[in-house]
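The chain contents come next:
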Amino acid sequence: MYAAPFSYHRAASLQEAVKLLQELGEDARLIAGGQSLIPLMKMRMARPTALIDINFVSELGDIRTPKGELHIGALVRHADLEHSAAGATIPLLHDCAAGIADVQVRNQGTIGGSLAEADPSGDWGTALLALDTSVICFGPGGQRTVPLEDFIKDAYTTVLAHDEIVTALHVKLPLKGSGGAHLAFKRCAPVYPTASASVQVMIEDGNMCKDARIILGCVGLTAIRAKEAEAALRGKTLEEKNIRTAADAARAAADPQSDMRGSADYKRILVGTLVKRAIGIAARRARGESVEAGHEYAGR
Ligand SMILES: Cc1cc2nc3c(=O)[nH]c(=O)nc-3n(C[C@H](O)[C@H](O)[C@H](O)COP(=O)(O)OP(=O)(O)OC[C@H]3O[C@@H](n4cnc5c(N)ncnc54)[C@H](O)[C@@H]3O)c2cc1C
């Protein structure tokens, strides 16, 4: 099906994009990679009267590493991150970027668009929550910084005002001795995962977990931080028994819905298994091992 008629506007600067959002009103939408918005428009589930293209705002496309931080521009494509030095330094980012959909979607879809869309099954909202991430927003009042945990309010709902734009993500570089992993399970490449888990651990004395962050994806209306699972690891050795306790706590924290991807019970079991595996991979990476990980497909 074709999308309903709309007018097209190209913004050359952030200021111009904000002005267009104000002038064109509530039914105008920004377009970045178009990988969420265009399918919704073709299905007539979204009917914006105007699209404001931000792909020509040059400052949104950079990946930079000022001291101790990683700054990712909102227009950075999943594929850019997959092949970036940042992805090589922080393997969790590579796990996430390389597993999203297929090459076509990864070449077009942007990290800013993913967070702004706030799809409960999206990967970036889960992966970036395992790291210390802030969302940089620009609007008529200038710039504001929102911690990622406060940015996504509900399924498909963020704190962004209609005339605000995500300009970048600022991620604190993980400290030495830490490692992470983002794992997801899906039926095939061009679909969203059935469940996902992101884990970041900090290790001391070889096997002692000093700190942990455990985030569950696709098993709630937003990504879920499994704090009891984190507590089950903090200050403990990363042995089988403690990892199992953490995975059980993660399962209990999940709040999945049954849908075409699987029953709620199935997703709950799946997310616990992903957490268990992700803790193991994160710990090996924290010890300096190079481990390949990411999205896994059914029947592989
Ligand atoms: C077949 C298919 C499979 C997919 N599988 C996965 C998957 O496995 N995992 C996953 O995470 N994603 C998946 N996606 C989604 C993909 O990652 C999209 O790229 C992403 O959700 C949206 O990014 P975009 O740049 O395409 O945004 P767009 O579609 O251009 O925009 C999405 C929404 O965000 C708004 N927006 C865009 N940029 C900004 C900005 N800078 N500031 C404020 N608002 C903005 C738009 O107005 C719109 O409302 C899939 C998509 C497809 C088509």
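Bear in mind that the values here come from a model prediction, so they are computed numbers and not experimental data.

Criteria and thresholds
Every residue gets a number counted from 1 within its own chain, in the order that chain's sequence is written. The model is predicted, so local features are restricted to residues of pLDDT at least 70 and side-chain atom pairs to those at 80 or more, both for listing and for counting; the totals for chains, interfaces and linings are taken over all residues. Helix and strand definitions follow DSSP, with helices as H or I runs of at least four residues and strands as E runs of at least two, each counted in order from the N terminus. Throughout, the radius of gyration refers to the C-alpha atoms, and the reference size of a globule is 2.2 Å times the residue count to the power 0.38. Here a residue counts as buried when 20 or more other C-beta atoms sit within 10 Å of its C-beta, as exposed when there are 12 or fewer, and as partly exposed otherwise, the C-beta atoms being derived from the backbone. Each residue gets a C-beta atom placed from its backbone, and two residues are in contact if those atoms lie within 7 Å. Placing a C-beta atom from the backbone of each residue, we mark the residue near a molecule or strand if the atom is within 6 Å of it. Polar here means any residue outside two lists: the nonpolar Ala, Val, Leu, Ile, Met, Phe, Trp, Tyr, Cys and Pro, and the charged Asp, Glu, Lys and Arg; Gly therefore counts as polar. Pairs of strands are assigned from DSSP output, requiring at least two bridges between the strands. To obtain each axis, a line is fitted to C-alpha atoms, and for helices this fit is confined to the stretch in contact; angles are then taken between N-to-C directions over 0 to 180 degrees. Helix span is expected to be 1.5 Å times the residue number reduced by one. By definition, a nonpolar core groups buried Ala, Val, Leu, Ile, Met, Phe, Trp, Tyr and Cys residues that are joined through C-beta atoms within 7 Å. Note that the domain bounds reflect an automated or database-derived domain assignment.

## Some details on the overall build of the protein chain
- When you go through the protein chain residue by residue, the secondary structure sums to twelve helices and 15 strands.
- Expected size for 300 residues packed as a compact globule is a radius of gyration near 19 Å; at 19 Å, the protein chain falls within 12% of this value.
- If you line up the protein chain on its principal axes, its C-alpha atoms span 60 × 45 × 30 Å.
- Counting all 300 residues of the protein chain, 50% fall into the buried class.
- Contacts spanning at least 24 positions in sequence make up 65% of the contacts within the protein chain whose residues lie at least 6 apart.

## Concerning the site of the ligand
- Residues in close proximity to the ligand total 31 residues, the closest being Gly33, Gln35, Gly109, Gly113 and Ala116.
- Where the shell around the ligand is concerned, the elements lending two or more residues are β2 (28-31), α2 (37-42), α7 (111-117) and β10 (165-172).
- With five residues, α7 is the largest single contributor of residues to the shell around the ligand.
- Here the residues of the shell around the ligand sort into 17 nonpolar, ten polar and four charged.

## Comments concerning the environment of threonine 158
- Here threonine 158 shows up in strand β9 (residues 157-158).
- Sequence separation of threonine 158 and threonine 145 is 13 residues, and the distance between their C-alpha atoms is 13 Å.

## Observations concerning the sheet that holds strand β1 (residues 7-10)
- Taken in spatial order, the three strands make up an open sheet running β1-β3-β2, and their pairing is parallel. Only two strands of the sheet have a single neighbouring strand rather than two, namely β1 and β2. The average angle at which neighbouring strand axes cross in this sheet is 25°, direction not considered.
- When β2 meets strand β3 (residues 50-53), the two strands line up parallel, connected through four bridges. Residue pairing across strands places alanine 28 opposite alanine 50, the latter belonging to β3.

## What to know about the sheet that holds β10
- On the basis of which strands lie adjacent, the open sheet formed by five strands has the order β4-β5-β10-β6-β7 and antiparallel pairing. The open sheet is flanked by β4 (63-64) and β7 (142-147), the only strands paired with a single partner.
- Note: strand β5 (residues 69-73) against β10, five bridges, orientation antiparallel. Among the inter-strand pairings, isoleucine 72 is bridged to a residue of β10, identified as leucine 169.
- The sheet strands contacting helix α1 (residues 14-24) are β6 (133-139) and β10, and the helix crosses β10 at an angle near 130°.

## What about helix α12 (residues 264-286)?
- The end-to-end C-alpha distance of α12, which contains 23 residues, comes to 32 Å, matching closely the 33 Å that a straight helix rising 1.5 Å per residue would cover.
- Among the residues trailing α12, glycine 288 stands out with phi positive, at a value near 100°.

## A short note on the nonpolar core
- One finds Val199, Val201, Leu216, Ala246, Ala250 and Val275 to be the most contacted residues of the largest nonpolar core, which totals 91 residues.
- If you tally residues by element for this core, the top one is α12, at ten residues.
- In this structure, leucine 216 is in contact with Ala197, Ala223, Ile224, Ala226, Ala250, Ala253, Ala254 and Val271, ignoring residues within four places of it in sequence.

## Concerning the domain arrangement of the protein chain
- Domain boundaries assigned for the protein chain yield domain 1 (7-52), domain 2 (61-172) and domain 3 (178-297).
- On a C-alpha basis, the centres of domain 1 and domain 3 stand 35 Å from each other.

## Overview of the environment of alanine 181
- Its location among the elements puts alanine 181 in strand β11 (residues 178-186).
- Judged by the 28 C-beta atoms lying within 10 Å of it, alanine 181 falls in the buried class.
- In this structure the C-alpha to C-alpha distance between alanine 181 and threonine 126, which are 55 residues apart in sequence, comes to 11 Å.
- Those residues in contact with alanine 181, other than ones at most four positions away along the chain, are Pro91, Leu92, Asp95, Val199, Ala278, Ile281, Ala282, Arg285 and Ala293.

## With respect to the pairing of strand β13 (residues 208-217)
- For β13, the tally of buried residues reaches seven of ten residues, placing the bulk of the element in the interior.
- With nine bridges connecting them, strand β12 (residues 195-204) and β13 associate as antiparallel partners. Each residue of the ladder has a partner; that of glutamate 204, found in β13, is methionine 208.
- Here β12 folds back onto β13, and the loop between the two strands holds three residues, one of which, aspartate 205, carries a positive phi near 50°.
- Across two bridges, the pairing between β13 and strand β14 (residues 224-225) is antiparallel. Its bridge partner lying in β14, isoleucine 215 is registered against arginine 225.

## Section: unusual backbone geometry
- A positive phi angle is found at alanine 118, which is not glycine, with a value near 55°.
- With respect to the helices and strands, the residue alanine 118 is situated in the loop between α7 and α8 (124-127).
- For alanine 118, a count of 22 C-beta atoms within 10 Å corresponds to the buried category.
- Of note in this structure, cysteine 218 is not a glycine but carries a positive phi near 70°.
- Its place among the elements puts cysteine 218 in the loop between β13 and β14.
- Residue classification places cysteine 218 among the buried positions, given that 31 C-beta atoms sit within 10 Å.

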